[in-house]
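Structure at a glance
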Amino acid sequence: MDDKRIKQARFADVAARSQRVERARALIDQIVSDQKARGNSHFSSNVYQDESLLKTGRQMASYLPDRYREMRAISRWDESGTGGRGRWLSEAELFWRQGTFMADFEDDCPYHGNFKSYYPTYNAMSDRQLRGYFTWRSRIRAGELAEAPDAFALVYIYEVLCGIGVDDPLRGFETLKWFCDAWDSEEKDIKRHGLTWQQDYVVYHDLDPKLLAQTPSMEFEASLYAFARALASYRKGAGLDEMDEPSDTVGTTAEAATRMTTARKRKSGPLPRPDADVASTMLDAAARLSAHRIDTDEFYREHQDDMRAVTASVLVRLDQHHRSTRGTTLVEVLFGKRIEMSYTMFASAVFFEERAHADAHVTLNPLRSYRCTKGLWTCDRVHCDQGRNIKLGNILREIDRRMRIAWEWPRLLDEDGTKTPKYLQKMIDTEIKNQLEWSRAHQPVRIDIDLSKLSGIRSAAAQTREALLIEEERGDATASGSALLESAASVAGVDAPSTTGSRPAPPQASGPAPSQEPPNFAKHVDEEPRAAATRPPATLQGGPFTPEQASYLADLLAGSASPRVPAGISEDMLVDAINDAAFDLVRDTILEFTAGGVHLIDDYREDVEGYING
């Protein structure tokens, strides 16, 4: 019963409303049809022109120029659809149409409020925000980086990407780069996507890839390419490429079979030492890619060559291990494979193109290229995280840790809990051992020269020369010899001996001081009987050779392993003197040094016998 009353009451209310509406309409019709009302100024047909009026600040804030009204009048519904049917415009296309309409518009009504939007467009702004944006854009285009909400910055970037207000693609890229680099804000979209949008802009408009050389993405791929090339270069130099060829050598050349056999031996044996430039390039590139900075420590600075050689050898060993066990390379294991996948230009941005892009193929670097086919884009690159690689960092850290132990470095690296495979530990230890052995075998010879003994040597040489002069030579060379002797004596810090007599003055009975006694001259006197015993026999003619040289050659002809060398002269000097004397005769050297000592060349044996024996 109650429900019925409620329904009746509702029907009565609706009927009353309808009656009131009908009475209001009748009243309006009566007023309009009244002749007196038509003469009222409210219904006048006169047209009034604009006139200046005083307006309050609130009225001015709500004022909107006609240009904005015309822009907002651009409808989302497009009547000129295909087949005579209309269509709804996407948000990106509506943004492009409105932006193109307002491309050159400027305003002067700053906005000091806030504006936030996930995908900001003109439609997302109020009238006041819209005027504030175009006022701010006028200052940006004039080169003044004015403060504004981050959503304004995104709308400006979207305009540049869509070509709104951009007359040249290169100018557009410069504007985009300048703004993204200069805009200081916590807005994550601008920082995260700004570099990607710049890269897409270069590809889309086919600009010079060098414009992106300093971007993190291009620097990462440049390091990765250098790392891969260094690995390939070392593999080729070590002959490891032949290991990937089929083992059946039937029908191949003997040279190819030899290369494959050598490569298999190197699988377990030591690798040839890498080229210094290749090893340096590999370690430098690995250090830029790795999570462990192996090149920043003092140990690296002290043992650069050792670390480069060990690291290059271990990485090549590891690359060969993955090729043999997984059928993939070390670069692919660490960074992934290069794959061509579909790609969206200017993703995460409001972007619209009036016409589909023409077919194109753009290469940014050896590891990244783009292709457009019928308006659809693909990207061929190594798909990986472009941060510092943790896997490579663990490898380099283990090499660094084990090398410090082997070289007994005072500051060692602790184990970080990362489990290193046993095969990798064995590779590292093997290459460390090979490097230590190589370093010991090629350790430079250390020569220590005691400069304090040079004065004594000069003094002894000067006095010995004076003692060996004969009377005729002494008389002819008095002036020059005395001057030379005095010069040598002054350098040695001793008194020059007198040259006026036929022989040097005999020593006094008490004897000179030990430091002033000529040791070489004393030795010459002591060994004079022995030299007489070693003089060549009278049957030796000598020819162009001196008796001492003839005696030395006679011993060589007799097959002596230790030919006699006159006292006071080294064997090297004697051999050089013999070769100099023989050169005028045979135009060649007759003696040569071998592992077993001095050897007489067989081609000149008969000639030497003829000169020696007459």
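Residues numbered from 1 in each chain as written. Predicted model: local features only at pLDDT ≥ 70, side-chain atom pairs only at ≥ 80, totals over all residues. Heavy atoms only, no water.

**So, unusual backbone geometry**
Among all residues except glycine, the phi angle is most often negative; among peptide bonds, the trans geometry is most common. You will see that Phe-346, though not glycine, has its phi angle at about 55°, which is positive. Take Phe-346: it is sitting in the loop between strand E3 (338-343) and strand E4 (360-365). Of note in this structure, Ser-348 is not a glycine but carries a positive phi near 65°. Position of Ser-348 among the secondary structure elements: in the loop between E3 and E4. (Helix = DSSP H or I, 4+ residues; strand = E, 2+ residues; numbered from the N terminus.)

**Structural notes on the nonpolar core**
Residues Tyr-122, Tyr-133, Trp-136, Leu-161 and Phe-346 are the most contacted members of the largest nonpolar core, which totals 56 residues. For this core, the element with the highest residue contribution is helix H7 (residues 150-161), accounting for 10 residues. Each residue touching Trp-136, except ones within four places of it in the same chain, is listed here: Ala-146, Glu-147, Ala-148, Phe-152, Ala-153, Tyr-156, Phe-179 and Trp-183. (Core = buried A, V, L, I, M, F, W, Y, C linked by side-chain atoms within 4.5 Å. Buried < 20%, exposed > 50% of the residue type's maximum accessible area, 1.4 Å probe, protein only. Contact = heavy atoms within 4.5 Å.)

**Quick word on helix H24 (residues 571-586)**
In this model H24 runs 22 Å from its N-terminal to its C-terminal C-alpha over 16 residues, within 8% of the 22 Å that 1.5 Å per residue would give. Every buried residue belonging to H24 is among Leu-574, Val-575, Ile-578, Asn-579 and Ala-582, and all of these are buried. Taken end-on, H24 shows its buried residues confined to a sector of 130°, consistent with a single buried face. Looking at H24, the residues exposed on the side facing more than 90 degrees away from the buried face are Met-573, Asp-580 and Asp-584. Contacts made by the buried residues of H24 are with helix H23 (547-557), strand E7 (591-594) and strand E8 (597-600). Trailing H24 by a residue or two, Arg-587 shows a phi angle of about 60°, which is positive. (Expected span 1.5 Å × (residues − 1). Arc of directions from axis to C-beta.)

**Some words on the sheet that holds E3**
Strands sit in the order E3-E6-E5-E4 across an open sheet of four strands; the sheet is antiparallel. Only two strands of the sheet have a single partner each, and these edge strands are E3 and E4. Across this sheet, the average inter-strand angle for adjacent strands is 20°, counted without regard to direction. In this structure, strand E5 (residues 368-373) lies alongside strand E6 (residues 376-382), joined through six bridges in antiparallel fashion. Bridge pairing in E6 links Ser-369 to Asp-380. (Pairing = 2+ DSSP bridges. Axes fitted to C-alpha atoms, helices over the stretch in contact; angles between N-to-C directions.)

**Concerning the packing of aromatic side chains**
Inspection of the entire model under this criterion finds 30 aromatic pairs. Measuring from ring centre to ring centre gives 6.3 Å for Tyr-122 and Tyr-133, while their planes differ by 55°; the resulting arrangement is tilted. Within this pair, whereas Tyr-122 is found in the loop between helix H5 (91-101) and helix H6 (127-141), its partner Tyr-133 is found in helix H6, the two being separated by 11 residues in sequence. Pairing Phe-346 with Phe-351 gives two aromatic rings, centres 4.5 Å apart and planes at 45°, and the pair type is tilted. Of the two residues, Phe-346 and Phe-351, neither departs from the other in class, the shared state being buried. Above the plane of the ring of Phe-101 lies Arg-67, whose end atom (NZ or CZ) is 4.8 Å from the centre. Taking NZ or CZ as reference, Arg-273 lies 3.6 Å from the ring centre of Trp-438, over its face. (Phe/Tyr/Trp six-rings, centres within 6.5 Å; stacked < 30°, edge-to-face > 60°. Lys NZ or Arg CZ within 6 Å of the ring centre and 35° of its normal.)

**Here's the deal with the pattern of salt bridges**
For the structure on display, the rule yields 27 salt bridges. The structure contains a network of salt bridges with shared partners spanning Glu-398, Arg-401, Arg-402, Glu-415 and Asp-429. (Salt bridge = Lys/Arg side-chain N within 4 Å of Asp/Glu carboxyl O.)

**Describing the side chain of Ser-290**
You can see Ser-290 is positioned in the loop between helix H12 (276-289) and helix H13 (298-302). Judged by relative accessible area, Ser-290 falls into the buried class, the value being 0%. A distance of 2.9 Å separates the side chain of Ser-290 from the backbone nitrogen of His-292, its partner in a polar contact. Those residues within four positions of Ser-290 in sequence are excluded, and the remaining contacts are Arg-388, Asn-389, Leu-392, Gly-393 and Leu-396. (Polar contact = N/O pair within 3.5 Å; in protein donor to acceptor, adjacent residues only side chain to side chain.)

**Notes on a nonpolar patch on the surface**
Taken together, the side chains of Val-565, Ile-569 and Met-573 define a hydrophobic patch exposed on the protein surface, amounting to about 250 Å² of accessible area. Along the chain, the position of Val-565 falls in the loop between H23 and H24. (Patch = residues over 30% accessible without salt bridge, like charges linked within 9 Å, V, L, I, M, F, W, Y side chains within 5 Å. Areas by Shrake-Rupley, 256 points an atom, 1.4 Å probe, with all protein chains shown as cover.)

**Quick look at a negative patch on the surface**
Together, Glu-571, Asp-572, Asp-576, Asp-580 and Asp-584 make up a negatively charged patch on the protein surface. Mapping Asp-580 onto the fold places it in helix H24. (Lys, Arg positive; Asp, Glu negative; His and termini not counted. Charge placed at Lys NZ, Arg CZ, Asp CG, Glu CD.)

**Remarks on the environment of Pro-216**
Inspection of the secondary structure puts Pro-216 in helix H10 (residues 216-238). With 171 residues separating them along the chain, Pro-216 and Gly-387 place their C-alpha atoms 9.3 Å apart.

In short, the description is geometric, and any link to function would need to be established separately.
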